[in-house]
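Tertiary structure, described
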Amino acid sequence: PPSEIRAPARAVAGVALSAAASGGCTQAAAPAVPLLGAYFPSWLLCAAAGVLVAILVRVVFVRIGLDDVLPARLAVYLAVAVAAGLLVSALAFGR
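I will try to describe carefully the structure that is included in this document. Only a predicted model underlies this, so the values are computations on that prediction, with no experimental measurement involved.

From N to C terminus, the protein includes three helices and two strands. When burial is assessed residue by residue, the protein has 14% of its 95 residues classed as buried. Considering only intrachain contacts with a sequence separation of at least 6, the fraction spanning at least 24 residues in the protein is 39%. For the protein, the computed accessible surface area is about 7,300 Å², with 72% contributed by carbon and sulfur atoms.

We now examine a nonpolar patch on the surface. A contiguous nonpolar patch, built from Val51, Leu52, Ile55 and Val59 and spanning about 350 Å² of accessible area, is present on the exposed surface. Checked against the element boundaries, valine 51 lands in helix α2 (residues 42-64). Residue class for valine 51 comes out partly exposed when judged on its relative accessible area of 46%.

Attention shifts here to the packing of aromatic side chains. Here a ring pair, both rings aromatic, is described through the centre-centre distance and the interplanar angle of the planes. Tallied over the full model, the rule gives one aromatic pair. Aromatic pair phenylalanine 61 and tyrosine 77: ring centres 6.2 Å apart, planes at 45°, arrangement tilted. Of this pair, phenylalanine 61 sits in helix α2 while tyrosine 77 sits in helix α3 (residues 73-93), placing them 16 residues apart in sequence. The residues phenylalanine 61 and tyrosine 77 share a single accessibility class, namely buried.

Take the environment of leucine 70 next. Within the secondary structure layout, leucine 70 lies in the loop between α2 and α3. What makes leucine 70 buried here is its relative accessible area of 17%. Among residues more than four places away in sequence, those in contact with leucine 70 are Phe61, Val76 and Tyr77.

Summarising the sheet, strand β1 (residues 32-35) and strand β2 (residues 38-41) pair through four bridges and their orientation is antiparallel. Among the inter-strand pairings, proline 34 is bridged to a residue of β2, identified as tyrosine 39.

All chains considered together, the criterion is met by three salt bridges. For aspartate 67, the salt bridge identified is with arginine 58, shortest N-O distance 3.8 Å. Assessed through its relative accessible area of 4%, aspartate 67 is described here as buried. Within the structure, one salt-bridge network assembled from shared partners comprises Arg58, Asp67, Asp68 and Arg73.

Cut-off values and rules
Counting restarts for each chain, with residues numbered from 1 along the sequence as it is written. Thresholds applied to this predicted model are a pLDDT of at least 70 for local features of residues and 80 or more for the giving and counting of side-chain atom pairs; totals over whole chains, interfaces and linings are not thresholded and use all residues. To obtain the side-chain values, all non-hydrogen atoms of the structure were included, while hydrogens and water were left out. Labels follow the DSSP assignment, with helices taken as runs of H or I lasting at least four residues and strands as runs of E lasting at least two, numbered in each case from the N terminus. Between buried and exposed lies partly exposed: a residue is buried under 20% and exposed over 50% of the maximum accessible area for its type, with that area taken using a 1.4 Å probe on protein chains only. By definition in these notes, contact holds between two residues if any of their heavy atoms fall within 4.5 Å. Each accessible area is a Shrake-Rupley result for a 1.4 Å probe, and residues are judged covered by the shown protein chains and nothing else. Residues enter patches when their relative accessible area tops 30% and they take part in no salt bridge; the joining distance is 9 Å for like charges and 5 Å for the nonpolar side chains Val, Leu, Ile, Met, Phe, Trp and Tyr. The salt bridge definition used is simple: a Lys or Arg side-chain nitrogen within 4 Å of an Asp or Glu carboxyl oxygen. Pairing of aromatic rings covers Phe, Tyr and Trp, the last counted by its six-membered ring, and requires centre-to-centre distances within 6.5 Å; plane angles under 30 degrees mean stacked, over 60 mean edge-to-face, and any other angle means tilted. We treat two strands as partners when DSSP finds at least two bridges between them.

Right, dumping it as structure tokens:
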């Protein structure tokens, strides 16, 4: 019967799909940065750098008068923070 043939084919397809999906997995640990005697995850430092850059950009925007004309300040500064964090991550950690 066809149902007997389909069961092993499904099992083989499931094993092949599982192997293909986990093929890129590695046992490498998350990148950590030693700071003041403790290990901090790199994403935390990148997020902090992004927030600091966004604060500096806001100070500059306020001084030149651009902050008053921004239509969506939160979105702009969030985008600046994310872009800066990703840039730090790419340049410092290669991710």
